[in-house]
Amino acid sequence: MRQQIEWMLPHRVACSLIMVAWIAAVEARDPSDQRLGDLDVAQRDYVDQSPAFSSTAREQGRLYIADLRHRALAMTDAQFVFALARIAALADNAHDTIHLGEGSWRPKLRLPVRMIWFDDALLIARAGPDAAELLGASIVSIDGVSPGQLMERLRPLQGGVDGLRRWQLSWVFQSPEALHALGVARQSDRLELQVRLTDGRDITRTVVARPAAEVPSGQAPARYWIPALWDGEAEKGWRVAVDAAHAPVYLQQPDAWFRMVELTDLDALFVQFRSNFDEGEAKIAPFVAAVSGRIKSSPPKNLILDLRFDTGGDNTQNRELMREIAQRIPGRIYVLTGNYTFSAGIASAAALKHDGGDRVAIVGAVSGDRTYWWSEHSEPVCLPASGVCFSVNTG
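Residues numbered from 1 in each chain as written. Predicted model: local features only at pLDDT ≥ 70, side-chain atom pairs only at ≥ 80, totals over all residues. Heavy atoms only, no water.

Caption draft 1: Representation of the pairing of strand E7 (residues 202-208) in the model. Here seven bridges tie strand E6 (residues 190-196) to E7, and the two strands are oriented antiparallel to one another. Bridge pairing in E7 places Leu191 opposite Val207. Counting the residues that bridge the hairpin from E6 to E7 gives five residues, and of these Gly200 lies at a positive phi of roughly 95 degrees. (Pairing = 2+ DSSP bridges. Helix = DSSP H or I, 4+ residues; strand = E, 2+ residues; numbered from the N terminus.)

Caption draft 2: Spatial organisation of the sheet that holds strand E12 (residues 302-306). Read from one edge of the open sheet, five strands run E10-E11-E12-E13-E14, paired in mixed fashion. Two strands close off the open sheet at either side, each with one partner strand: strand E10 (258-263) and strand E14 (360-364). For this sheet, the mean angle separating the axes of adjacent strands, direction not counted, is 20 degrees. Pairing geometry for strand E11 (residues 268-273) and E12, over five bridges, is parallel. For Val271, the partnering residue across the bridge sits in E12 and is Leu305. On the sheet, helix H13 (residues 344-356) packs against E12, strand E13 (333-337) and E14 and is oriented at approximately 150 degrees with respect to E14. (Axes fitted to C-alpha atoms, helices over the stretch in contact; angles between N-to-C directions. Contact = heavy atoms within 4.5 Å.)

Caption draft 3: Spotlight on the nonpolar core. If you look at the biggest cluster of nonpolar residues, it comprises 64 residues, and the most contacted ones within it are Tyr46, Ile87, Leu134, Leu150, Leu154, Leu193 and Phe390. If one sorts the elements of this core by residue count, helix H5 (residues 77-89) sits on top with nine residues. (Core = buried A, V, L, I, M, F, W, Y, C linked by side-chain atoms within 4.5 Å. Buried < 20%, exposed > 50% of the residue type's maximum accessible area, 1.4 Å probe, protein only.)

Caption draft 4: The arrangement of the state of the cysteines in detail. Counted according to the given criterion, the structure contains one disulfide. One disulfide in the model links Cys382 with Cys389; its S-S distance is 2.0 Å. Between Cys382 and Cys389 the sulfur-sulfur dihedral comes to about 105 degrees; the bridge is accordingly right-handed. In this structure Cys382 comes out as partly exposed when scored by relative accessible area, which is 41%. Exposure remark for Cys389: the relative accessible area of 10% places this residue in the buried category. (Disulfide = S-S within 2.5 Å.)

Caption draft 5: Seen up close, the pattern of salt bridges. Across all of its chains, the model carries 24 salt bridges by this definition. Between Asp77 and Arg35 there is a salt bridge, and its shortest N-O distance comes to 2.7 Å. Of the two residues, Asp77 is situated in helix H5 and Arg35 in helix H3 (residues 31-47); the sequence distance between them amounts to 42 residues. The exposure class assigned to Arg35 is buried, which follows from its relative accessible area of 10%. (Salt bridge = Lys/Arg side-chain N within 4 Å of Asp/Glu carboxyl O.)

Caption draft 6: Looking closely at the pairing of strand E3 (residues 113-117). Within E3, five of the five residues are buried, which leaves the element mostly enclosed by the surrounding structure. Where burial is concerned, the two faces of E3 agree: the one with Val113, Met115 and Trp117 and the one with Arg114 and Ile116 are both buried. Of the strand pairs in this sheet, E3 and strand E4 (residues 122-127) are connected by five bridges, and their pairing is antiparallel. Bridging from a neighbouring strand, Trp117 pairs with Leu122 of E4. Remark: four residues form the turn of the hairpin made by E3 and E4, two consecutive strands paired antiparallel.

Caption draft 7: Structural detail: unusual backbone geometry. Notably, Asp143 is not glycine yet its phi reads approximately 50 degrees, a positive angle. By secondary structure assignment, the location of Asp143 is in the loop between strand E5 (138-142) and helix H6 (147-154). Overall, Asp143 belongs to the buried group, its relative accessible area being 8%. Phi is positive for Glu376, which is not a glycine, with a value near 60 degrees. Tracing the backbone through its elements, the reader meets Glu376 in the loop between E14 and strand E15 (381-382). Given the relative accessible area of 53%, Glu376 is considered exposed.

Caption draft 8: Representation of the layout of surface pockets within the structure. Within this model, the second largest pocket holds a volume of roughly 330 Å³. Together, 16 residues line the second largest pocket, and Gln219, Arg223, Pro254, Asp255 and Trp257 are the ones closest to its centre. The residue inventory of the lining of the second largest pocket, partitioned by class, reads 10 nonpolar, two polar and four charged. (1 Å grid on protein atoms, 1.4 Å probe; cavity = no way out; pocket = protein on both sides within 12 Å on 5 of 7 lines; lining within 4 Å. Points joined across faces, edges and corners; volume = space filled by probe spheres on them. Nonpolar A, V, L, I, M, F, W, Y, C, P; charged D, E, K, R; others polar.)

Caption draft 9: Representation of the confidence of the model for the protein chain within the structure. On average, residues of the protein chain carry a pLDDT of 92, and 92% of them reach 70 or more. Note on residues 1-29: pLDDT under 50 across the span, and 10 contacts to partners over four residues away in sequence or across chains. (pLDDT = per-residue confidence, 0-100.)

Caption draft 10: Spotlight on the packing of aromatic side chains. With the rule as written, the count across this model stands at 16 aromatic pairs. When the ring of Phe82 is compared with that of Trp171, the centres are 5.8 Å apart and the planes differ by 20 degrees; the resulting orientation is stacked. With Phe82 in helix H5 and Trp171 in helix H8 (residues 170-173), this pair connects stretches of sequence that are 89 residues apart. A relative accessible area of 3% means that Phe82 is categorised as buried. A connected cluster of aromatic rings, assembled from ring pairs, spans Phe118, Trp167, Trp225, Tyr250, Phe309, Tyr340 and Phe342. The ring of Phe80 has Arg35 sitting right over it, with the charged end atom 4.9 Å from the ring centre. Sitting over the face of the ring of Tyr250, Arg308 holds its NZ or CZ atom 3.8 Å from the ring centroid. (Phe/Tyr/Trp six-rings, centres within 6.5 Å; stacked < 30°, edge-to-face > 60°. Lys NZ or Arg CZ within 6 Å of the ring centre and 35° of its normal.)

Caption draft 11: Layout of helix H11 (residues 284-297). When the terminal C-alpha atoms of H11 are compared, their 20 Å separation across 14 residues agrees well with the 20 Å that a helix rising 1.5 Å per residue should span. Among the residues making up H11, those that are buried are Ile284, Phe287, Val288, Val291, Ser292, Arg294 and Ile295. Each buried residue of H11 sits inside an arc of 160 degrees when the element is viewed along its axis, so together they form one side. For H11, exposure combined with an orientation more than 90 degrees from the buried face picks out Pro286 and Ser297. Turning to H11, the residues buried within the fold contact E10, E11, E12 and helix H12 (319-328). (Expected span 1.5 Å × (residues − 1). Arc of directions from axis to C-beta.)

Printed below as a string of structure tokens:
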């Protein structure tokens, strides 16, 4: 910013001195002023404007921000970030959330384990060499807090349903720094885990977090389930809880976002969407065209549409395919859903059920959102001091 301002000013000493003094004053501004400014923006441009807020929720947001003004200065950067997350959660709309933008606080340490939160258990699915004995273990407590109690602490940070929270907030419950800021963890660099091992024994272990560079990078939600190692895991000595060689069909081909598999013993075609838009070099349109061509040229008797890991995107990309499936498949159509079925994934399931009627059976866990929601992201509202951005959904 200093370079931009000085470049635009006339090159006169007096003006330069004035500008340098002004910049110094801004940079030395009391943190409370900066946070209060962020709260002003959060209310004016987000809470007062976002259509996702009901009138009741909007008033709750204003009251919460008014309360935050009295507490903001005493908060750590991490605590202030989570206070902002609570503002977005008051909309109780799953698409309304915060994003940690440039310059915002974010954890510097990561646990040497990765967890998957099922409806009835929080399990360690992947681990580094210093935590390998915990693979497959079920979490009984984290620093004395049970998974049920942990969900009570996390629920105010994210709108929507608990199925969504289990994967959307995974970065929080796997970070000692984040849990410490929320008052769950006793220390910011380690967690005491009480676990039940796969052999039934209960043990307690203190797991120390590592610098982010020493831990494999995070991945999309579905990838945590797929037992094949991802880039960086093998190099760092990580292991998974189950043998990749015995992975079921839906957990095979770890790097494939879109899949079509012939299931001859069921006289069925298995079609899987792990996303509803392009993912890097994986393009959705050619895949949709391939499935369409297959069911037109030689329709299988039955079809299984797996949307369990379809976290969304653009449902117009495969809307016509849903119609074709309903029209051309003569037998049964099964739609598989789960907690990760979200946004456009839910819309695709609903479209096929609408088009296929009683021939379509939806099987699996409850999806990751309600069946009415606000989405269609517009320009986010980003706060100048904290760098946190709010999603704004207008459709």
